[in-house]
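Summary of the model geometry
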Amino acid sequence: MLRRRPFAVFTLAALTTVGVAMTAEAGTRIERKAWGTTPEGQTVELFTLSREGAPTVAVTNHGAYLVSILAPDRDGQAADVILGYSDLAGYLADGGYLGAVVGRYANRIAGGTFSLGGQTYTLARNNGPNHLHGGPGGFHRKLWTPRVVTGPEGDTLELTYLSVDGEEGYPGALTATVVYSLTAEGGLRLDYSATTDASTVVNLTNHAYFNLAGEGSGDILGHEMQIESNAFTPVDETLIPTGELRPVEGSPLDFRKPVALGARIDDPYPQLQAGGGYDHNFVVRGAPGELRLAARVYEPGSGRVLEVLTTEPGVQLYSGNFLDGSIVGKSGRPYEKRGGFCLETQHFPDSPNQPEFPPVVLEPGDRYEQTTVFRFSVR
Ligand code: GLA
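Conventions we followed
Note on numbering: residues in each chain are counted from 1, in written sequence order. Since the coordinates come from a predicted model, pLDDT governs what is reported: local features require at least 70, and pairs of side-chain atoms require 80 or more to be given and counted, while whole-chain, interface and lining totals use all residues. To obtain the side-chain values, all non-hydrogen atoms of the structure were used and water was disregarded. Any residue with at least one heavy atom within 4 Å of a molecule or strand is counted as near it. Nitrogen and oxygen atoms within 3.5 Å of one another constitute a polar contact, given that in protein one can donate a hydrogen and the other can accept it, and given that sequence-neighbouring residues count only through two side-chain atoms. Method for areas: the Shrake-Rupley scheme with a 1.4 Å probe, in which residue coverage is limited to the protein chains shown. Side-chain classes follow a simple rule in which Ala, Val, Leu, Ile, Met, Phe, Trp, Tyr, Cys and Pro form the nonpolar group, Asp, Glu, Lys and Arg form the charged group, and the remainder, Gly included, forms the polar group. Exposure categories follow from relative accessible area, calculated using a 1.4 Å probe and restricted to protein chains: below 20% of the type maximum is buried, above 50% is exposed, and the middle band is partly exposed. Only DSSP runs of H or I reaching four residues or more are called helices, and only runs of E reaching two or more are called strands; each is numbered from the N terminus. Two strands make a pair as long as DSSP finds a minimum of two bridges between them.

1. Considering the site of the ligand
- By nearness alone, 13 residues border the ligand, and R108, H133, H207, D279 and E344 come closest of all.
- At 2.6 Å, a side-chain N or O of R108 approaches an oxygen atom of the ligand.
- A distance of 2.4 Å is found between an oxygen atom of the ligand and a side-chain nitrogen or oxygen belonging to D279.
- Computed on the free molecule, the ligand has an accessible area of 300 Å², of which 94% lies beneath the protein chains in the complex.
- Of the residues in the shell around the ligand, the class split is six nonpolar, four polar and three charged.

2. Focus: the pairing of strand β21 (residues 279-284)
- Burial within β21 is extensive, with six of its six residues counted as buried.
- By the bridge criterion, four bridges tie strand β18 (residues 229-233) to β21 in an arrangement that is antiparallel. Each bridged residue has a counterpart across the sheet, and for T233 the counterpart in β21 is N281.
- Pairing geometry for β21 and strand β24 (residues 314-318), over five bridges, is antiparallel. By the bridge assignment, D279 is partnered in β24 with Y318.

Below is the structure:
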């Protein structure tokens, strides 16, 4: 009791004199190191973001990939909760978008074609008859320019990529930026933005595969999934939306209350057969543009909880159906079918061809923005 008062006085005095320094210390620190070179000989770096009360996150400027997220379980034991590779070589060869930033247009564009301003554009058909994830030379294949920016909450990592006019068939030179930061509430925050010099389409996301029990620890079927969505966009057999917004009610896509991912994944519901499991865009409740909860996932064994907040109109739940054990992950264990799930916050697939969907056209002078937060806690 006697010591409390002088201590409090000292703390207040310290706060007023070194307030700025204290804030910075309490905020995020970023360490950077060389991580290898691209086949063209460019240096690639690895950035590690750490902050009290937040997961420790590694990001590389090759493809703006999220490389690891170390998050504690309910006993304080940290595990890496995203799938990935042990070194840069793995990322250079990656075909599964394991943690990549996807662009210029995430998800599918039907037939690899769309029209804009009376002109038709032809893109690579790299997924059956369709265009997927920006094409074979999409943003996940590019070296982004890094900048560590120090502000009142400590360091943030800003990655910028200039996609030239005509790259992968898309019109307009597009400057894309992703800022990675950690929040005081245990969140990893991604602020995306883009500007263009001619009309174009843009849809950026991050394609991290989560396994809240730890990467390589088996399938994710026991994770309890809740999605803030009343409707989804059904797809045809090539995973292109039909244009319908279908209520989730009464279907295995009803995640309005928490339910194990595996509980209904093999139900004889035609939509699940198209994707070999979940591979669907959900319409996120509430107003696009507002940062709001899109999904909450709980892993009963570890107690880890992931909440996904986003400004985007949709989120793609992908249950890792195409993983087949051929990727050996960062700790040497193969990633089996359904060994991770993605929650890709996005505009709806094939929006450039679906005028009823929220628009994805970016005009010169306008600014594309999307924010997504992956917030971690335990129960
Ligand atoms: C997205 C798609 C899936 C699949 C993965 C990558 O989630 O919707 O169908 O292509 O990317 O394997």
